[in-house]
Amino acid sequence: DAKTTQPTSMDCAEGRAANLPCNHSTISGNEYVYWYRQIHSQGPQYIIHGLKNNETNEMASLIITEDRKSSTLILPHATLRDTAVYYCIVKTGSTLGRLYFGRGTQLTVWP
Amino acid sequence: GAVVSQHPSRVICKSGTSVKIECRSLDFQATTMFWYRQFPKQSLMLMATSNEGSKATYEQGVEKDKFLINHASLTLSTLTVTSAHPEDSSFYICSARALTGTYNEQFFGPGTRLTVL
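Residues numbered from 1 in each chain as written. Chains lettered and ligands numbered in written order. Predicted model: local features only at pLDDT ≥ 70, side-chain atom pairs only at ≥ 80, totals over all residues. Heavy atoms only, no water.

### Looking at the interface of chain A and chain B
(1) Moving on: Facing the 22 residues of chain A at the interface are 21 residues of chain B.
(2) Moving on: Counting each side, the surface lost to burial between chain A and chain B is near 1600 Å², with a carbon and sulfur contribution of 49%.
(3) Moving on: The partner of Arg98(A) in a salt bridge is Glu59(B), and the shortest N-O contact between them spans 4.0 Å.
(4) Moving on: Summed over the shared surface of chain A and chain B, the number is 7 residue pairs in polar contact (both at pLDDT 80 or more). (Contact = heavy atoms within 4.5 Å. Buried area = accessible area lost by both parts, 1.4 Å probe. Salt bridge = Lys/Arg side-chain N within 4 Å of Asp/Glu carboxyl O. Polar contact = N/O pair within 3.5 Å; in protein donor to acceptor, adjacent residues only side chain to side chain.)

### Focus on the sheet that holds strand E5 (residues 55-56) of chain A
All names here are of chain A.
(1) Moving on: In space, the 4 strands of this open sheet follow the order E2-E7-E6-E5, with antiparallel pairing throughout. Edge positions in the open sheet fall to strand E2 (18-23) and E5, since each of these has one partner strand only.
(2) Moving on: Two strands pair when backbone bridges link them, and E2 and strand E7 (residues 70-75) are joined in this way by 6 bridges, in the antiparallel orientation. The partner of asparagine 19 across the bridge, within E7, is isoleucine 74. (Pairing = 2+ DSSP bridges. Helix = DSSP H or I, 4+ residues; strand = E, 2+ residues; numbered from the N terminus.)

### Some details on the sheet that holds strand E1 (residues 9-13) of chain A
The strands that make up a sheet pair up through hydrogen bonds in the backbone, lying either parallel or antiparallel.
Residues and elements named next belong to chain A.
(1) Moving on: Taken together, 5 strands build an open sheet; the order of strands is E1-E9-E8-E3-E4 and the sheet is mixed. In the strand order of this sheet, the two ends are held by E1 and strand E4 (45-50), each with one partner. Across this sheet, the average inter-strand angle for adjacent strands is 25 degrees, counted without regard to direction.
(2) Moving on: Pairing analysis gives 5 bridges linking E1 to strand E9 (residues 105-110), with the strands arranged parallel. Within E9, the residue paired with serine 9 across the bridge is glutamine 106. (Axes fitted to C-alpha atoms, helices over the stretch in contact; angles between N-to-C directions.)

### Things to note about the state of the cysteines
(1) Moving on: Tallying each qualifying case throughout the model produces 2 disulfides over all chains.
(2) Moving on: Across a sulfur-sulfur distance of 2.1 Å, Cys22(A) and Cys88(A) are joined as a disulfide pair. Residues Cys22(A) and Cys88(A) are joined through a disulfide that is left-handed, its torsion about the S-S bond being -80 degrees. Separated by 66 residues along the polypeptide, Cys22(A) in strand E2 and Cys88(A) in strand E8 (residues 84-92) bring together distant segments of the chain. With respect to burial, Cys22(A) and Cys88(A) carry one shared label: buried.
(3) Moving on: Here Cys23(B) is linked by a disulfide to Cys94(B), with a sulfur-sulfur distance of 2.0 Å. Classification of the bridge connecting Cys23(B) and Cys94(B) rests on its S-S torsion, roughly 75 degrees, and on that basis the disulfide is right-handed. Of this pair, Cys23(B) sits in strand E3 (residues 19-25) while Cys94(B) sits in strand E9 (residues 90-98); the two residues are 71 residues apart in sequence, bridging distant segments of the chain. (Disulfide = S-S within 2.5 Å. Buried < 20%, exposed > 50% of the residue type's maximum accessible area, 1.4 Å probe, protein only.)

Remember, this is a structural readout, not a statement about activity or role.
This is the structure in structure tokens:
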């Protein structure tokens with residue numbers, strides 16, 4: 001069951017930062033926030049995840065609010081290839097955790 | 001990152017036939033593999049979870065006798081759609097979770113497009 005709320009769609013200009021919000025107000029203490037994206041007709045791609053601290057990797061940054069009820073995925077310099085559906089998912093870190101996908105946000109990067 | 005492959009990438013079959021889809025983790029051992037289905041313009045729906053050497057756990061509403069899952073090794077899982085019908089036409093995606101690693105990320109295959117005529 002999806003436990004997150006995301007906007008249906010967003011636009012971003014190429015070269016600008018894309019900030020994708022996600023609400024997860026019912027997140028439990030042992031649940032992580034994961035972000036995946038799916039380019040059309042491909043399998044989802046892992047982006048980043050975090051528990052309560054902000055995280056950064058070569059793809060993106062993840063900002064989690066102090067109360068952990070929401071987060072923002074930041075693509076610092078969006079390119080046309082970043083056009084995809086972005087999924088925010090909460091999941092426990094245990095081996096029993098499963099990824100249940102919601103509807104995600106369709107990000108369109110335009111030139 | 002870790003690589004998951006699927007075969008075939010695309011299959012067209014006649015109604016009533018069975019179709020087998022393979023999912024392989026190419027450069028890591030997967031304790032757990034997952035099978036998803038995605039209809040056009042919809043999100044991914046988890047169908048089942050399988051652990052190597054044991055029976056798969058199916059999500060509510062997914063018929064285990066229709067979607068047979070075999071997880072014979074730490075690098076291979078298969079999904080067989082038995083007696084396929086046009087309503088089974090969909091994008092089937094597998095995912096594998098690594099045996100080792102701190103964070104248990106799941107890596108996804110490229111998907112298999114099934115069309116049942």
